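As a plain string of letters, each chain reads:
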Amino acid sequence: MNRMKKTIVLPVAALALMAMLAYGVGQVKADEQFKNHPLVQFIAERFDLDEEEVLTAMEDFQEQRHEQAGVQFENRLTQAVLDGKLTEDQREMILQKHEEMRAEQESNWTVLGEMSADERRDEIMARHEELKSWAEENSIDLSYFNMGIGRGSRMHGMSGEFGADW
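Residues numbered from 1 in each chain as written. Predicted model: local features only at pLDDT ≥ 70, side-chain atom pairs only at ≥ 80, totals over all residues. Heavy atoms only, no water.

Draft legend 1. A look at the pattern of salt bridges. Within this structure, the stated rule accounts for nine salt bridges. In this structure, R91 and E88 form a salt bridge, with 3.4 Å as the shortest nitrogen-oxygen distance. You can see R91 and its partner E88 sitting in helix α5 (residues 88-107), three residues apart, about one turn around the helix. R91 gets classed as buried once you look at its relative accessible area, which sits at 9%. For E92, the salt bridge identified is with R91, shortest N-O distance 2.5 Å. The class for E92 is partly exposed, based on a relative accessible area of 39%. Connected via shared salt-bridge partners are E74, E88, R91 and E92. (Salt bridge = Lys/Arg side-chain N within 4 Å of Asp/Glu carboxyl O. Helix = DSSP H or I, 4+ residues; strand = E, 2+ residues; numbered from the N terminus. Buried < 20%, exposed > 50% of the residue type's maximum accessible area, 1.4 Å probe, protein only.)

What follows is the structure, given as structure tokens:
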């Protein structure tokens with residue numbers, strides 16, 4: 001493969017991935033998300049690339065975006081502590097709960113995908129209510145909590161401290 005194709009493909013793949021994420025593809029394992037996706041096939045065909053190379057590039061890009069979102073989330077919580085809006089203990093509790101929920105979401109992705117839209121909505125609402133109860137028990141304003149990896153509270157119909165930014 002020539003150098004020019006590789007120079008063009010990575011930016012194109014990155015733009016394609018951003019577009020897919022912007023349209024709510026969701027946060028799932030990249031191999032499940034992109035494997036056999038028509039966009040991967042399209043880019044591979046258009047630039048005469050191996051589909052596995054395109055898939056790997058998209059997975060790498062998604063991982064980088066995930067890491068950046070995590071850093072931004074932690075920075076916002078740290079700023080809330082500095083501003084006196086959260087205690088350090090609350091910040092740590094939020095980070096721990098966030099990680100627990102991320103792991104649960106990842107492990108249950110297949111189950112959620114097999115549910116009907118109504119069942120999935122009910123499950124998500126139940127999880128939201130559990131989180132709401134947890135936040136109240138720990139005197140944490142729910143608006144400080146990132147509801148999902150890469151998703152902000154405003155996407156869940158909430159407003160608050162971070163709603164306008166996330």
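Draft legend 2. Highlighting the environment of F73. Checked against the element boundaries, F73 lands in helix α4 (residues 51-82). Residue class for F73 comes out buried when judged on its relative accessible area of 2%. When the C-alpha atoms of F73 and Y144 are compared, they prove to be 9.4 Å apart, with 71 residues separating the residues in sequence.

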